Amino acid sequence: ETSHAKVIGSMIDFLPVDADGASLLEGMTSPNIKIVSLTVTEGGYFLNDGQFDPNHPQIQHDIVHPDTPKTVFGMILKALRMRREAGV
């Protein structure tokens, strides 16, 4: 019995999150991008007693100020809005 491995190579790049999220937004709004996969660590889920906390200050910031998001959720929403506005 033999076995073999095949490298698929589906991950072609990664983007670090900078202070203002500009590189992340640029990447997510590129017309060449069709799928975005994110790694979110525990703190990025904004949980309180195991449940999503919609009252967390950063979540509330994103709701009130959608053009200057502080969370990954806000960044995704902003990128989707920018793609729609650009006809992507």
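For the structure, see preceding data.
**Quick look at a nonpolar patch on the surface**
- A cluster of nonpolar side chains, contributed by Tyr45, Leu47, Phe52 and Phe73, occupies part of the molecular surface with about 390 Å² of accessible area.
- Considering the arrangement of structural elements, one finds Tyr45 in the loop between helix H1 (22-29) and strand E1 (47-48).
- What makes Tyr45 partly exposed here is its relative accessible area of 41%.

**Quick word on the packing of aromatic side chains**
- The full count for this structure, using the stated rule, is 2 aromatic pairs.
- Note on Phe52 and Phe73: the rings are 6.1 Å apart at their centroids and 85° apart in plane angle, and the pair reads as edge-to-face. Of this pair, Phe52 sits in strand E2 (residues 51-52) while Phe73 is found in helix H3 (residues 72-86), placing the two residues 21 residues apart along the sequence.

**What about the environment of Lys78?**
- Residue position: Lys78 is located in helix H3.
- Exposure remark for Lys78: the relative accessible area of 15% places this residue in the buried category.
- Sequence separation of Lys78 and Thr68 is 10 residues, and the distance between their C-alpha atoms is 8.5 Å.
- If sequence neighbours within four positions are ignored, Lys78 has contacts with Leu25, Pro66, Asp67 and Pro69.

**Some thoughts on the side chain of Thr71**
- Here Thr71 shows up in the loop between helix H2 (57-64) and H3.
- Owing to a relative accessible area of 4%, Thr71 belongs among the buried residues under this scheme.
- Ignoring any residue separated from it by four or fewer positions in sequence, one finds Thr71 in contact with Phe46, Gln58, Ile59 and Asp62.

Each value, and the rule that gives it
Residues numbered from 1 in each chain as written. Predicted model: local features only at pLDDT ≥ 70, side-chain atom pairs only at ≥ 80, totals over all residues. Heavy atoms only, no water. Patch = residues over 30% accessible without salt bridge, like charges linked within 9 Å, V, L, I, M, F, W, Y side chains within 5 Å. Areas by Shrake-Rupley, 256 points an atom, 1.4 Å probe, with all protein chains shown as cover. Salt bridge = Lys/Arg side-chain N within 4 Å of Asp/Glu carboxyl O. Helix = DSSP H or I, 4+ residues; strand = E, 2+ residues; numbered from the N terminus. Buried < 20%, exposed > 50% of the residue type's maximum accessible area, 1.4 Å probe, protein only. Phe/Tyr/Trp six-rings, centres within 6.5 Å; stacked < 30°, edge-to-face > 60°. Contact = heavy atoms within 4.5 Å.

None of the figures reported here should be taken as evidence of function without further support.
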